[in-house]
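# Understanding the architecture of this molecule
What follows is each chain in one-letter form.
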Amino acid sequence: MKEPILHQFKQSKNAIAVLIDPEKCDNGTHTLELLEKSEFAGVDYIFIGGSTVTRKEFNATIHFIKSNSSIPVIIFPGSSQQISEKADAILYLSLLSGRNPDFLIGHHVQSAAELFEMNLEIIPTAYLLIDGGTQSSVAYVSQTTPIPRDNSTIIRNTAIAGKLQGKQLLYLDAGSGARFSVPAERIKELTTIDLPIIVGGGITTIEQIEELHQAGTNIVVIGNKLEQDTDFLLDIYAYKKVDQSKLTIEE
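Let me sum up the structure you'll find in this document.

About the thresholds
Residues numbered from 1 in each chain as written. Predicted model: local features only at pLDDT ≥ 70, side-chain atom pairs only at ≥ 80, totals over all residues. Heavy atoms only, no water. 1 Å grid on protein atoms, 1.4 Å probe; cavity = no way out; pocket = protein on both sides within 12 Å on 5 of 7 lines; lining within 4 Å. Points joined across faces, edges and corners; volume = space filled by probe spheres on them. Nonpolar A, V, L, I, M, F, W, Y, C, P; charged D, E, K, R; others polar. Salt bridge = Lys/Arg side-chain N within 4 Å of Asp/Glu carboxyl O. Core = buried A, V, L, I, M, F, W, Y, C linked by side-chain atoms within 4.5 Å. Buried < 20%, exposed > 50% of the residue type's maximum accessible area, 1.4 Å probe, protein only. Contact = heavy atoms within 4.5 Å. Helix = DSSP H or I, 4+ residues; strand = E, 2+ residues; numbered from the N terminus. Expected span 1.5 Å × (residues − 1). Arc of directions from axis to C-beta. Axes fitted to C-alpha atoms, helices over the stretch in contact; angles between N-to-C directions. Parallel < 35°, antiparallel > 145°, perpendicular 65-115°, else oblique. Left-handed = near helix turned anticlockwise from the far one by under 90°.

With that out of the way, let us pick up the layout of surface pockets. A volume near 780 Å³ is recorded for the largest pocket. Lining the largest pocket are 47 residues, with G50, S51, F76, Y127 and V138 sitting closest to its centre. Residue composition of the lining of the largest pocket, grouped by class: 19 nonpolar, 22 polar and six charged.

Turning to the pattern of salt bridges, a few remarks are in order. A side chain with one charge may pair with a side chain of the opposite charge, provided their charged atoms come close. All chains considered together, the criterion is met by eight salt bridges. Ionic contacts of the salt-bridge type, sharing partners, join the residues K2, K66 and D88 into one network.

Core analysis: the biggest nonpolar cluster contains 55 residues, and L172, I209, I222 and I236 have the highest contact counts within it. Excluding its chain neighbours within four sequence positions, the residues that come into contact with L172 are L128, I130, I155, V182, I187, L190, I197, I198, V199 and G200. Grouped together as the second largest cluster of nonpolar side chains are 24 residues, Y45, I74, L93 and L129 included.

Turning to helix α6 (residues 152–164), a few remarks are in order. Here α6 contains 13 residues, and its C-alpha end-to-end distance of 18 Å stays within 8% of the 18 Å for a straight helix at 1.5 Å per residue. Where α6 is concerned, the buried positions are I155, T158, A159 and G162. Down the axis of α6, the buried set is contained in an arc of 100 degrees. They therefore lie on one face. On its buried face, α6 is in contact with β5 (121–129), β6 (169–173) and α7 (184–190). With its phi angle positive at about 105 degrees, G166 sits one or two positions after the end of α6.

Let us look at the packing of helix α2 (residues 29–41) against helix α3 (residues 55–68). In a pair of packed helices, the angle between the axes and the distance between the axes together describe the arrangement. Put simply, α2 and α3 touch, their axes get as near as 10 Å, and they point 45 degrees apart. Between α2 and α3, the angle falls in the class oblique. Seen along the crossing, α2 lies across α3 with a hand that is right-handed. Contact with α2, carried on its side by T31, L32 and L35, involves F64, I65 and N68 of α3 and no other residues of that element. A per-class count over the contact of α2 with α3 returns four nonpolar, two polar and no charged.

This is how it looks when you write it as C-alpha cells:
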C-alpha cells in the first residue's frame, strides 16, 4: 500500500519538486530530458499545472510524465479543468491571499462532483501569493494582489486562518518568473503553525534552496529555472547528495 502523499509531505525534509507547465511542455525530447535528469537528481515530486492550460494539454502531459517517470505526480491546479485520476494527488488550492471568490471556492464547486468520484488523494491547501517583484500569471489570471513580501503579520495571519479552516498544507508562491523568492524569514515565522510548507517562485540558485530548507520549508519548487536550464538539475543532484550525507552523519 502506497504511503499517502500528505504523510510524505509531513515527513519531508529538504525535498525538491519540479514544476511542469503543460502549456510550455512539448511532450517530446526536451520534456523527456527534463524527466531523466529529474530522476538522476533525486527530485522528490513533479508538480503539474498552469494558469491557462486546456484539459487536453493537461491530460496529455500527465500521461507523458507517468509513462516516462517514476516520480510521484502532484496536480498544482490553475483551474477546475486541471484534474486527473492518473496523478498521485491534487493540491486542492484556496487562494487565501486574494478575495476573488472563483479562486476561493468557485473552481472547487465546479470540479467537486467529478473529484468526489475519483480515486485521487485530495490535499486541502492554503495558497498564498507573495509579491515577487513582477506581475505573475497567477496574479493576472486570478485578478488578485499578492501580499507584500515584508508584511509578516498579514502572511502569518492568513496562514493561521487557513489552518483554522482545516487546510492541511501551506503553499507560498512568489509566482512564475518572480524576481525575488519568498523570504526565508517569512518561512521561519510560519513553522510554529505546524503545517507542511511548500515554497515556489523565483528560486534560481542552490543557495536559495538551502536557505529556504534551513528556514523550515519542507518542499522547494523549481519551475522557470529549469525551462531555461535543465542542467541546473545536476547542481540539485550535488546538493541532494551532500544533504543526504549530512543526514547520515547526524543519524
